[in-house]
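This is what each chain is made of:
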Amino acid sequence: MDFDFENLSRLPIVDLEASGVVNAELRPVFDPALRTFSVQLWKDGEPSGIHGLIDNFRYADEPLEAVDAFLAERGVRALTGDEAVLLYAGLVRAKGGPDWQMFLMDVAASRQL
């Protein structure tokens with residue numbers, strides 16, 4: 001699958017199979033002062049929780065390890081594999097700098113294969 005890595009600041013999650021339609025959005029965050037990652041959950045346009053608020057996620061992949069449990073506690077379905085890739089990319093982009101540049105170079109190299 002070819003991913004669009006341009007709009008990564010808001011990742012929509014629509015769950016049409018829930019008892020009621022759940023419109024959720026994940027917002028990847030990097031705090032440069034604390035040097036930690038977190039993921040904000042918004043439901044129906046309102047803040048609904050922060051994954052990583054009390055954790056010390058120093059690497060972009062760490063929030064992904066328990067994000068599905070965090071979402072389940074808030075009545076949101078688990079991420080698909082593609083959504084997890086986009087969330088990871090969003091976390092790396094939120095940090096920016098050389099990590100984001102290396103990520104883009106890896107993506108470009110894989111597209112040439």
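Structural data are supplied above this passage.
Position numbers for residues count from 1 along each chain, tracking the sequence in the order it is written. Owing to the predicted nature of the model, reporting of local features is limited to residues with pLDDT of at least 70; listing and counting of side-chain atom pairs is limited to 80 or more, with chain, interface and lining totals taken over all residues. Excluding hydrogens and water, the side-chain values take into account all heavy atoms of the structure.

## Notes on the overall build of the protein
Moving on, step 1. Secondary structure counts use DSSP, requiring at least four H or I residues in a row for a helix and at least two E residues in a row for a strand, with both numbered from the N terminus. Helix and strand counts for the protein stand at three helices and four strands.
Moving on, step 2. Of the regular secondary structure in the protein, the N- to C-terminal order runs β-β-β-β-α-α-α.
Moving on, step 3. Only protein chains enter the calculation, and the probe is 1.4 Å; a residue is then buried if its accessible area is under 20% of its type maximum, exposed if over 50%, and partly exposed in between. Across the 113 residues that make up the protein, the buried fraction comes to 34%.
Moving on, step 4. Note on definitions: a residue-residue contact is assigned when non-hydrogen atoms from the two residues lie within 4.5 Å. In the protein, of all internal contacts separated by at least 6 residues, the share reaching a separation of at least 24 is 43%.
Moving on, step 5. Surface exposure of the protein reaches about 7,000 Å², of which carbon and sulfur atoms provide 53%. The Shrake-Rupley method, run with a 1.4 Å probe, gives the accessible areas here. Residue values count only the displayed protein chains as cover.

## Quick look at the pattern of salt bridges
Moving on, step 1. Should a side-chain nitrogen of Lys or Arg be within 4 Å of a carboxyl oxygen of Asp or Glu, the pair is scored as a salt bridge. In this structure the tally under the stated criterion is five salt bridges.
Moving on, step 2. Residue arginine 10 is joined to glutamate 25 by a salt bridge in which the shortest nitrogen-to-oxygen separation is 3.8 Å. Of the two residues, arginine 10 is situated in the segment before β1 (11–15) and glutamate 25 in strand β2 (residues 22–31); the sequence distance between them amounts to 15 residues.
Moving on, step 3. We classify glutamate 25 as buried; its relative accessible area is 19%.

## Remarks on helix α2 (residues 81–95)
Moving on, step 1. Its 15 residues give α2 an end-to-end C-alpha distance of 22 Å, which sits within 8% of 21 Å, the value for a rise of 1.5 Å per residue.
Moving on, step 2. Those residues of α2 not exposed but buried are Glu83, Leu87, Ala89, Gly90, Leu91 and Val92.
Moving on, step 3. Immediately beyond the C-terminal end of α2, within one or two residues, lies glycine 96, with a positive phi of roughly 70°. The length a helix should cover is 1.5 Å for every residue beyond the first.

## Quick word on unusual backbone geometry
Moving on, step 1. Unusually for a residue other than glycine, arginine 35 sits at a positive phi of about 60°.
Moving on, step 2. Here arginine 35 lies in the loop between β2 and β3 (36–43).
Moving on, step 3. Using a relative accessible area of 46% as the deciding quantity, one classes arginine 35 as partly exposed.
Moving on, step 4. The backbone of aspartate 44 shows a phi angle near 50°, a positive value even though the residue is not glycine.

## Digging into the nonpolar core
Moving on, step 1. The criterion is simple. A nonpolar core is a set of buried Ala, Val, Leu, Ile, Met, Phe, Trp, Tyr and Cys residues joined through side-chain atoms within 4.5 Å. With 23 residues, the main nonpolar core has Ile13, Leu26, Leu41, Leu71, Leu79 and Leu87 as its most contacted residues.
Moving on, step 2. Broken down by secondary-structure element, the contributors of at least two residues to this core are β1, β2, β3, α1 (67–73), α2 and α3 (97–112).
Moving on, step 3. No other element matches the four residues that α2 contributes to this core.
Moving on, step 4. Each residue touching leucine 87, except ones within four places of it in the same chain, is listed here: Leu11, Leu26, Pro28, Val39, Leu64, Val67 and Leu79.

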